[in-house]
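So you can see what is in the structure, the chains are spelled out below.
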Amino acid sequence: QQQVKQSPQSLIVQKGGISIINCAYENTAFDYFPWYQQFPGKGPALLIAIRPDVSEKKEGRFTISFNKSAKQFSLHIMDSQPGDSATYFCAARGNQFYFGTGTSLTVIP
Amino acid sequence: DAGVTQSPTHLIKTRGQQVTLRCSPKSGHDTVSWYQQALGQGPQFIFQYYEEEERQRGNFPDRFSGHQYPNYSSELNVNALLLGDSALYLCASSPRGQGWQPQHFGDGTRLSIL
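The structure presented is a predicted model; accordingly, all values stated were derived computationally and were not measured.

Draft legend 1. Molecular detail of the overall build of chain B. The secondary structure content of chain B amounts to zero helices and 11 strands. For chain B, the N- to C-terminal ordering of α and β elements is β-β-β-β-β-β-β-β-β-β-β. Relative to its length of 114 residues, chain B is compact, with a C-alpha radius of gyration of 13 Å against a globular reference of 13 Å. With the C-alpha coordinates of chain B rotated into their principal frame, the extents come out at 40 × 25 × 25 Å. Counting only residues that meet the buried cut, chain B has 48% of its 114 residues in that class. Taking the contacts inside chain B whose residues are at least 6 apart along the sequence as the reference set, 54% of them involve residues at least 24 apart. A total accessible area of about 5,400 Å² is found for chain B, and carbon and sulfur atoms account for 47% of it.

Take a look at the structure:
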């Protein structure tokens, strides 16, 4: 059973546009929600993270929106750039970290 | 400052064999977690080591075992390899007191089972 459901599976965005990736979870015991960025041949790198008592967190062009009542959270990438083309994973911390299935983002110049 | 290093980068084995993968954590980190990432999937937690002991384990069979050394480096051992064990194996390290925040991943070992 997938603990964290991520969508879409793939996303194509024009340069300068907004990329939005969504995740949903069921376990209300999850207490920390990070996003990771992974380039081909590399390990995931922590991008930004949020705790459930905060509704939004922004770091540069990256923003996490968190809806505790809906048990959903999303990553927004503003002014998307070709260098943002990568696979993005959401995750949630319970008794271990549970990862989503990933979103392959392509930013077209 | 070296990050998390894993060896080897690629490995090919046949069914039934045994394999050992190695990980050196980032300097200053003492907690190591191992993950399996199948093609097109997110990482799945195998187990975590801290103070040379397995502290938490995911839903993986006993064929998967590990070890942590006094210098915090770690090994992942997989016995009786199956075709389904083909995956990217990732090691992540974190500093003391932040064991559940795997901030630093290595680039993984790509294991192929023939």
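What follows picks up the thread again.
Draft legend 2. Structural context of the overall build of chain A. When helices and strands are tallied, chain A shows zero helices and 11 strands. When the elements of chain A are put in sequence order from the N terminus, they spell out β-β-β-β-β-β-β-β-β-β-β. Here chain A has a C-alpha radius of gyration of 13 Å; the compact-globule value for 109 residues is 13 Å, and the two agree. Once the C-alpha set of chain A is aligned to its principal axes, its extents read approximately 40 × 30 × 20 Å.

Draft legend 3. Expanded view of the state of the cysteines. Residue and element names in this part refer to chain A. Inspection of the entire model under this criterion finds two disulfides over all chains. Disulfide pairing places Cys23 opposite Cys90 at an S-S distance of 1.9 Å. Classification of the bridge connecting Cys23 and Cys90 rests on its S-S torsion, roughly -95 degrees, and on that basis the disulfide is left-handed. Of this pair, Cys23 sits in strand E3 (residues 19-25) while Cys90 sits in strand E9 (residues 86-93), placing them 67 residues apart in sequence.

Draft legend 4. Local environment of the sheet that holds strand E1 (residues 5-7) of chain B. Residues and elements named next belong to chain B. Taken together, the four strands give an open sheet; going across it, the order is E1-E3-E8-E7, and neighbouring strands pair in antiparallel fashion. The open sheet has two free edges, formed respectively by E1 and strand E7 (64-68), since each of these has just one partner strand. Sheet twist, expressed as the mean angle between neighbouring strand axes with direction ignored, is 20 degrees. Where E7 lies against strand E8 (residues 74-78), five bridges are found, and the strand directions are antiparallel. Bridged to Gln68 within E8 is Ser74.

Draft legend 5. Representation of the pairing of strand E8 (residues 72-77) of chain A in the model. Residue and element names in this part refer to chain A. As paired elements, E3 and E8 share six bridges and run antiparallel to each other. Within E8, the residue paired with Ile21 across the bridge is Leu75. As paired elements, strand E7 (residues 62-67) and E8 share six bridges and run antiparallel to each other. Bridging across to E8, Asn67 finds its partner in Gln72.

Draft legend 6. Representation of the interface of chain A and chain B. The interface of chain A with chain B comprises 16 residues on the first partner and 19 residues on the second. Buried area between chain A and chain B, both sides added, is near 1,400 Å², and the carbon and sulfur share of it is 54%. For chain A, the biggest contributors to the area lost against chain B are Gln96, Phe97 and Phe99 of chain A; these three give 31% of the whole. Our enumeration of links across chain A and chain B arrives at one salt bridge. The salt bridge partner of Lys42 of chain A is Asp107 of chain B, with a shortest N-O separation of 3.6 Å. Between the two partners, chain A and chain B, sit two residue pairs in polar contact (both at pLDDT 80 or more). When contributions to the side of chain A that touches chain B are tallied by element, the ones reaching two or more residues are strand E4 (33-38), E9 and strand E10 (97-99) of chain A. The residue makeup of the side of chain A that touches chain B, split by class, is seven nonpolar, seven polar and two charged.

Conventions used here
- Residues numbered from 1 in each chain as written.
- Chains lettered and ligands numbered in written order.
- Predicted model: local features only at pLDDT ≥ 70, side-chain atom pairs only at ≥ 80, totals over all residues.
- Heavy atoms only, no water.
- Helix = DSSP H or I, 4+ residues; strand = E, 2+ residues; numbered from the N terminus.
- Rg over C-alpha atoms; globule rule 2.2 N^0.38 Å.
- Buried < 20%, exposed > 50% of the residue type's maximum accessible area, 1.4 Å probe, protein only.
- Contact = heavy atoms within 4.5 Å.
- Areas by Shrake-Rupley, 256 points an atom, 1.4 Å probe, with all protein chains shown as cover.
- Disulfide = S-S within 2.5 Å.
- Pairing = 2+ DSSP bridges.
- Axes fitted to C-alpha atoms, helices over the stretch in contact; angles between N-to-C directions.
- Buried area = accessible area lost by both parts, 1.4 Å probe.
- Salt bridge = Lys/Arg side-chain N within 4 Å of Asp/Glu carboxyl O.
- Polar contact = N/O pair within 3.5 Å; in protein donor to acceptor, adjacent residues only side chain to side chain.
- Nonpolar A, V, L, I, M, F, W, Y, C, P; charged D, E, K, R; others polar.

By themselves these figures say nothing about function.
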